[in-house]
Amino acid sequence: MAVSNAKPGAEAMCPYRLVLEHVTSRWGVLILIALEERSYRFSELRRAISDISRVSEKSLTQTLQTLERDGLVHRDAKPVIPPRVDYSLTDLGREAAVQVRTLATWTERRMDDVQEARRAYDEARP
């Protein structure tokens, strides 16, 4: 089952760019940051992410599958009734999450500067 929305052949031509897109995607960033704290069941993860931005079940599922395929997320399906699936970061995923969190922290710290730059840009435009 293909979980990437990339055009055929794009992965072979530029595989690192696709991984970067997966990690820095809208939901990829939020998933990595959330899972850096602890493992989550699907519904818990969806609630945690939806506190920041509303995510559909389909989008969350697709992003988790993509990150799992990239080796960043581990999916642990337990054979119990009702089914229980936990998501956590792999070692590779933890490494990526640290990098993503660094960028998120920088963004939060420098947001006033970004807003000022936007204001200056908009005022300079006719």
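A.B. asks: What am I meant to see in the side chain of Thr 63 here?
C.D. replies: Among the structural elements, Thr 63 can be located in helix H5 (residues 57-69). Residue classification places Thr 63 among the buried residues on the basis of a relative accessible area of 12%. Not counting the four nearest positions on each side in its chain, Thr 63 is found in contact with Ser 25, Trp 27, Gly 28 and Ile 31.

A.B. asks: Would you mind showing me how to read the sheet that holds strand S3 (residues 84-89) here?
C.D. replies: As a general point, the strands of a sheet are linked pairwise by backbone hydrogen bonds and lie either parallel or antiparallel. Overall, antiparallel pairing links the 3 strands, which are arranged S1-S3-S2 in an open sheet. Every other strand in the sheet has two partners, leaving strand S1 (40-41) and strand S2 (73-78) as the edge strands with one partner each. In terms of strand pairing, S2 meets S3 through 6 bridges, oriented antiparallel. Residue Arg 75 lies in a different strand from S3, and its bridge partner there is Tyr 87.

Cut-off values and rules
Residues numbered from 1 in each chain as written. Predicted model: local features only at pLDDT ≥ 70, side-chain atom pairs only at ≥ 80, totals over all residues. Heavy atoms only, no water. Helix = DSSP H or I, 4+ residues; strand = E, 2+ residues; numbered from the N terminus. Buried < 20%, exposed > 50% of the residue type's maximum accessible area, 1.4 Å probe, protein only. Contact = heavy atoms within 4.5 Å. Pairing = 2+ DSSP bridges.

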